[in-house]
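# Examining the three-dimensional arrangement
Single-letter residue listing:
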Amino acid sequence: MKRRNFIQTAAALTIPTILPLPGMKANSSRFTSLIAPDSDRILVIVHLFGGNDGLNTVIPLDQYDGLTEVRSQLYLKERDVHKVTDTLALHPGMQSMANMFHDGRLKIIQSAGYPNQNRSHFRSTDIWTSASESEEFVNSGWVGRYLDTQHPGYPVGYPSEGQPHPPAISIGNVAHPTCEGESINFSQTVEDPFNTTTLANTDGSLLSNDRYGSELDFIRTTMQQTNDYNTVIKAAAARGKNAVKYPRNSNPLATQLEKVARMISGGLKTKVYTVYMSGFDTHARQVDANTSGGAHAVLLSKVSEAISLFQADLKAQKLEERVMGMTFSEFGRRIRPNASFGTDHGTAGPMFLFGSCVNAGVMGDNVEVHKNVGQSEGVPMQFDFRDIYGSILVDWFKVPTNSVKNVLHSGFKYLPLAGNCNELLDNATDISKDGWAFGEPFPNPSTREVYLNVSSPGYNRLRYSLFDARGRLVLANEIGVDGTGDHMLFKRPSRLPSGTYALRLATETGGTITRKVVFD
Amino acid sequence: MSYQSSKRFAPVVSSLTPFSGTWDRQKAAHLLRRTLYGPRIDEINKAHRDGLDRTLDLILATAPVPSPPVKYREDDDEYLQLGETWVDKSCRGKNQYRNRSLRGWYYNNMVSSKRPSNIQERMCFFWLNYFSISSGNIDPRTMYKHLLVYQEEAVGNLRSILRKISTDPRMLVCLDGALNSKKNPNENFARELMELFTLGKGPLAGPGDYTTYTEKDVAALARALTGWKNREFNFSAENIPVESYFDSSDHDTGDKQLSHRLGNVVVKNSGANEYKVILEILLEQEATALNFCRELYRYFIYHDINPSVEDRVIAPLAKVLMDNNYEIKPVIRELLKSEHFYEESLRGAIIKNPHDFLCSIVCPFKEFENESVLKDIRLRYELGDKYADYMTDLGMEFLQPPTISGWKAYYDSPQFYRHWISPALLQRRVQISTAIIDGDFHINGVPLDIDYYPFLKSLTNPLDINKMIDEVTLIFLPRPISSIQTAALKETIMGGLEDPEWTMSCGDFLSNPTNLNYMKPIASRMGRFFVDLFALGEFQLQ
């Protein structure tokens, strides 16, 4: 199957040639794709809660002098670990993920973190999920901010015929903070796609125009959305299948990924899934007397088993190229162990990316373990985690770097992480017609009104959203369209300064297209 | 567009002017829903009869604290008898049931209809959220100890509770006070004391300057608070209660220079009393009173504190607090008797937290008071423990606030109370309310049924189906519902039958409550009715 970068439903739409404006040529193609094109790609985020001990997960084989000295009771014997390169190995429990590495389906990122590490679980989780600075408090999550650019106005009008599936799904009871948008969390929480509860039908009785009405409206919307999304989730789970056998009960992460694979297999177009596993806060008895056993070994073998089964499942169902995964933990642990065969909260740690489209291999240098390392020292950071997130947005969701800088941080530096399948994607041209056609907005530049020639197959709703050069949503609404004609989309609000804006048009049948608007 | 919590409505015009409107049952029920847990019709009627002032006397009276939790099942605690309390006994590390005992005890107190109509339990949770002590399942004796502080100080004195909590054994562990030593000061508690418990963090005015205090003050306070340790923590072979003590040899006796934000005061060595000196300095600041009153406001009224609320409600409340030597009762009284509290547009706008949700289901029925099986101490505790599990499912784990800032519903803008609601959490809410009501509820295989006889008996006119439903919505919902909704609810009972059928069947049941032929049809219909009522969006509000 050829990858397509413009479609999100079976019905795609006619894309007229985008005419660059005089003097804007150089930037225009980049600018018009300010809003990432929709694709059927999926990101699965695996949260390892508690602070994973990176040094006993990804083992620097060239540091055994230091390791045997500093981690004398904790280090893993060289004969037990699974070598992935001459100088790097994975934990003894991670045979399956080592196989994925050799198979070109695993990327190991060394020492990801952020400056001024906060060693509190909750605070550091907030930082990792919001992608804030360590001193900054941000309520939204990084995925949520990305989805805000994709689904302006959400949840108003969702689900719709064109966007019938939840933008994100958090497996479990709690909407993952990563998916927190500016106004609402984008994730539908799903414990079991087959066992959902239908909530009461709201009778649409009038809402009072006060705080009570506003809160009640929120609850009713959540109820309605819950039911609508549950319906499509259940249907997808029923249509989908798992091609491999996952362990029952003994591996909670595998159970969650099994559900994810099944929903993907059933055709759910949700873009982001979050799963989690806790228990990584290994202050005591992290290892047994034989260091390849113990609490940490149990956890990592479950992670390895779950991720490799998930990958095998997708591969067998030929879904591999649509899915990539990413693990993260709120911090790594300290280099020196404590006196309880455990480790305390540290700083940077490794991340794994998995899938057939990741640039497999190792990124970064081995952690250096000095014999005189201080008791409270963690692993120094090599990669800013926000550059990893941002590069995933660039490589995987085709978000332009300008826009990534808005969503993440202005100092964003691209890292090649997941571009393995992109050549194919960029050459894709198979766009079919569903009867829609759009002209260019006019006049352009405009001082006040903005018009657009639209052809629609019968009466339809057309949603438009206007973004400024920083990718912020500044205007959104919808109009009714019947047949072919010129429509005034909006009058320029006086608050909007002169400049170039991206106009995103979304049809009821699910097509989207981006146009450029210049205010003079 | 109504999805922004920050949506502003017309500025609040009411203020702390005492309420002078008509005191009806709706208003009485509103007051009780916000101060008791799940008020019953007899409580609502009494409040209506008594009037606002007498009702407030009752609600705000200093209530006796419940008797302590006990050993309720055989376990590795052979030196304790069943029914004997463990809170002041030795702790040898093998007493797993104690954590469950504490949970069961707490939730049984919360739902018990035998306790007075009083604000104590609600304030207890207010404090739990305010100080947000969380540090894993450590010595349950200390967890009990600080719950006791919250019960005793429910409507006590801010100074007094700050003193108790500053040296509370569990707080000393939670925010590292016990590790705060002369040689190696730990700033954790000093920082949160100012940021969360007293002054509140103001806008950043310069490097390390948070307007209300500075980094210099954090360092100075940390030094002033050195020397507090725990005794017998997590383990004691003898019946010695766990407690904190002051170790003068580990106390920093040097001068502590505070910043200009705190008047450039130099704190001299005062040994074991130095923390009181510190607290006095913090209490003198108006910021402390304002910060505290905002917390109260978010808990009792609404999350949105706009400039008008700040000026007309928060500031005067803070003055009441300071003028009354930090006594809390006059402040809450002022708030609950104000015009503002009864303002129509604010009524019913709080999304219930999991406690509110559970209690608003079981308390109006007097929970399972009819079930003699619950005289079995083990079943009683295990039922309370089951409630605790429900709370965890709904996002509120017992004594485990997510962070030291408390639950997000009370501070995280713009979502606030909406944090309690998500698709999964809403589904879970409906599963739980349905499980409790639909006749299959049990504890350890012992079925527990709602007893509709005393409930119906307590209503003004149970035999009139329409009046019955109206009164039930008064008890359970924050505002009257539409006639369409009322009709749909009525349909679950009547299924198309004429009203007199209810009058007859209910009358037969009330005259022959033990006759199954009369009882069963009423119970099953009331069950369906309540399953639907509790699934309404409106039921999530109070």
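Residues numbered from 1 in each chain as written. Chains lettered and ligands numbered in written order. Predicted model: local features only at pLDDT ≥ 70, side-chain atom pairs only at ≥ 80, totals over all residues.

### Quick notes on the overall build of chain B
Within chain B, the regular secondary structure consists of 21 helices and 6 strands. Expected size for 542 residues packed as a compact globule is a radius of gyration near 24 Å; at 25 Å, chain B falls within 12% of this value. Dimensions of chain B along its principal axes, counting C-alpha atoms only, are 85 × 65 × 40 Å. Evaluated residue by residue, chain B yields a buried proportion of 49% over its 542 residues. For chain B, the proportion of contacts with a sequence separation of at least 24, taken over those separated by at least 6, is 71%. (Helix = DSSP H or I, 4+ residues; strand = E, 2+ residues; numbered from the N terminus. Rg over C-alpha atoms; globule rule 2.2 N^0.38 Å. Buried ≥ 20, exposed ≤ 12 C-beta atoms within 10 Å, placed from the backbone. Contact = placed C-beta atoms within 7 Å.)

### Section: the sheet that holds strand E2 (residues 58-60) of chain A
Pairing between the strands of a sheet comes from backbone hydrogen bonds, and it takes one of two forms, parallel or antiparallel. Residues and elements named next belong to chain A. One open sheet holds the 3 strands; their spatial order is E2-E4-E3, and the pairing between them is antiparallel. The open sheet has two free edges, formed respectively by E2 and strand E3 (82-83), since each of these has just one partner strand. Examined bridge by bridge, E3 and strand E4 (residues 88-90) share 2 bridges and lie antiparallel to one another. In the sheet register, His82 faces E4, and the bridge partner there is Leu90. (Pairing = 2+ DSSP bridges.)

### What to know about helix H6 (residues 158-166) of chain B
Taken residue by residue, H6(B) has B:Leu158, B:Ile161, B:Leu162, B:Ile165 and B:Ser166 as its buried positions. Here the buried residues of H6(B) occupy an arc of 130° about the axis, which is enough to place them on one side. (Arc of directions from axis to C-beta.)

### Regarding the interface of chain A and chain B
Residue-level contacts link 36 residues of chain A with 41 residues of chain B. Sorting the residues of the side of chain A that touches chain B by element identifies strand E7 (187-190) and helix H6 (211-239) of chain A as the ones contributing at least two each.

### With respect to the confidence of the model for chain B
All names here are of chain B. This prediction gives chain B a mean pLDDT of 92; 97% of its residues lie at or above 70. Per-residue pLDDT stays below 50 along residues 1-6; that stretch engages in 17 contacts with residues further than four places along the chain or on separate chains. Reported confidences for the modelled complex are a pTM of 0.71 and an ipTM of 0.93. (pLDDT = per-residue confidence, 0-100.)

### Concerning the nonpolar core
Counting residues in each nonpolar core, the largest one holds 264 residues, and the members touching the most others are A:Leu353, A:Leu393 and B:Cys293. Ranked by residues supplied to this core, first place goes to H6(A) with 10 residues. Those residues within four positions of A:Leu393 in sequence are excluded, and the remaining contacts are A:Tyr146, A:Val399, A:Val404 and A:Val407. Residues A:Val450, A:Val454, A:Leu462 and A:Leu505 belong to the second largest nonpolar core, which totals 18 residues. (Core = buried A, V, L, I, M, F, W, Y, C linked by C-beta atoms within 7 Å.)

### Thoughts on helix H12 (residues 307-323) of chain B
Every α-helix winds through 3.6 residues per turn, so residues three or four apart in the chain are directed the same way. All names here are of chain B. In a regular helix each residue adds 1.5 Å, so 17 residues correspond to 24 Å; H12 covers 23 Å between its end C-alpha atoms and thus fits that length. At Ile314, H12 is deflected by roughly 30°, the largest bend along its length, and proline Pro316 occurs up to four residues later in sequence. Buried residues of H12: Val309, Val313, Ile314, Leu317, Ala318 and Leu321, and no others. In the core, the buried residues of H12 are packed alongside H6, helix H11 (286-300) and helix H13 (329-336). (Expected span 1.5 Å × (residues − 1). Bend = angle between axes of the 7 residues up to and from the residue.)

### Considerations on the pairing of strand E9 (residues 323-328) of chain A
Residues and elements named next belong to chain A. With 6 of 6 residues buried, E9 is to be regarded as a mostly interior element. Side chains Val323, Gly325 and Thr327 project from E9 onto one buried face, and the interleaved Met324, Met326 and Phe328 project onto a second face that is buried too. One ladder, built from 6 bridges, connects strand E1 (residues 42-49) with E9; its direction is parallel. Paired with Ile45 across the strands is Met326, a residue of E9. Looking at chain direction, E9 and strand E10 (residues 349-354) are connected through 2 bridges and run antiparallel. Considered in E10, the bridge of Gly325 is made with Phe354.

### A look at unusual backbone geometry
A cis amide bond links A:Phe442 to the next residue, A:Pro443, at an omega of -10°. Here A:Pro443 shows up in the loop between strand E13 (437-438) and strand E14 (449-467). With an omega dihedral of 5°, the bond running from A:Asn444 to A:Pro445 counts as a cis peptide bond. Looking at the element boundaries, A:Pro445 is found in the loop between E13 and E14. Of note in the backbone geometry, B:Lys366 takes a positive phi value of approximately 55° without being a glycine. You can see B:Lys366 is positioned in the loop between helix H14 (354-362) and helix H15 (377-393).

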